[in-house]
Amino acid sequence: FYCIKYPTKRLPKSNGKHKFTTMVVLGSGGHTSEILSTIKNLDYNVYSPIHYVAAKTDKHSLERAKNSHKKDNDNDNDN
């Protein structure tokens, strides 16, 4: 069961004040690569915290997400 609540009024262009808790569901069969590619351009000042979810049997996706997220944060700190 899941519920997504959309804002009832349009939010102003974000200046970092509005934050959205984000859940990313990882999976096998190329899905992890696709989703990590999609979220790499997210503004982590707006979309945070980010919760990653993977199957217990998926040994690689969470590690890839951690490495990807760390790499993105390292690049942000370089600027």
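Treat the numbers as computed from the prediction; the structure is a model and nothing was measured. (Residues numbered from 1 in each chain as written. Predicted model: local features only at pLDDT ≥ 70, side-chain atom pairs only at ≥ 80, totals over all residues. Heavy atoms only, no water.)

1. Things to note about the pairing of strand β1 (residues 22-25)
The criterion, for reference: Burial classes: relative accessible area under 20% of the type maximum marks a residue as buried, over 50% as exposed, and values in between as partly exposed (1.4 Å probe, protein chains only). Counting from the N terminus, the helices are DSSP H or I runs at least four residues long and the strands are E runs at least two residues long. Two strands form a pair only when DSSP identifies at least two bridges running between them. By convention, a crossover is right-handed whenever its connection, traced from the first strand over the helix to the second and viewed with the strands pointing away, goes clockwise.
Because side chains alternate across β1, one face comprises the buried residues T22 and V24, and the other comprises M23 and V25, none of which is buried. Where β1 lies against strand β2 (residues 50-53), four bridges are found, and the strand directions are parallel. Within the sheet, the bridge partner assigned to T22 lies in β2 and is I50. Crossover connection from β1 via helix α1 (residues 31-39) to parallel β2: handedness right-handed.

2. Some points on the nonpolar core
Heads up, the condition is: Take the buried residues of types Ala, Val, Leu, Ile, Met, Phe, Trp, Tyr and Cys, join any two whose side-chain atoms come within 4.5 Å, and each joined set is a nonpolar core. Here a residue-residue contact requires only that any non-hydrogen atoms of the pair lie within 4.5 Å.
Membership of the largest hydrophobic core is limited to seven residues, which are V24, L26, L36, I39, Y44, I50 and A65. Discounting chain neighbours no more than four positions away, the residues touching V24 are I35, I39, I50, H51, Y52 and V53.

3. Description of the confidence of the model for the chain
To keep it simple, the criterion reads: Per-residue confidence from the predictor is reported as pLDDT, which spans 0 to 100.
Within the chain, residue pLDDT values average 77, and 70% of them lie at 70 or more. Here helix α2 (residues 61-78) stands out as the element of the chain with the lowest mean pLDDT, 74, in contrast to β2, whose mean of 90 is the highest.

4. Brief notes about unusual backbone geometry
Of note, the bond from S48 into P49 is cis; its omega dihedral lies within 30 degrees of zero at 0°. For P49, the location among the structural elements is in the loop between α1 and β2.

5. Overview of the environment of L26
Counting through the fold element by element, L26 comes out in the loop between β1 and α1. The class for L26 is buried, based on a relative accessible area of 6%. Sequence separation between L26 and S61 is 35 residues; the distance between their C-alpha atoms is 6.3 Å. Leaving out residues up to four positions away in the same chain, L26 has contacts with H31, T32, I35, L36, Y52, V53, A54, S61, L62 and A65.

6. Concerning α1
Quick reminder of the rule: The arc refers to the directions leading from the helix axis to the C-beta atoms.
Those residues of α1 that sit buried are T32, L36 and I39. In a view along the axis of α1, the buried residues occupy a sector of 70°, so they form one face of it. Along α1, the residues that are exposed and aim more than 90 degrees away from the buried face are E34 and T38.

7. Some details on the pattern of salt bridges
Which entries qualify depends on this criterion: A pairing counts as a salt bridge when a side-chain nitrogen of Lys or Arg comes within 4 Å of a carboxyl oxygen of Asp or Glu.
Under the counting rule described, the total for this entry stands at one salt bridge. Between K66 and E63 there is a salt bridge, with its nearest N and O atoms 3.9 Å apart. Here E63 and K66 lie together in helix α2, a separation of three residues that amounts to about one turn. A relative accessible area of 40% means that E63 is categorised as partly exposed.

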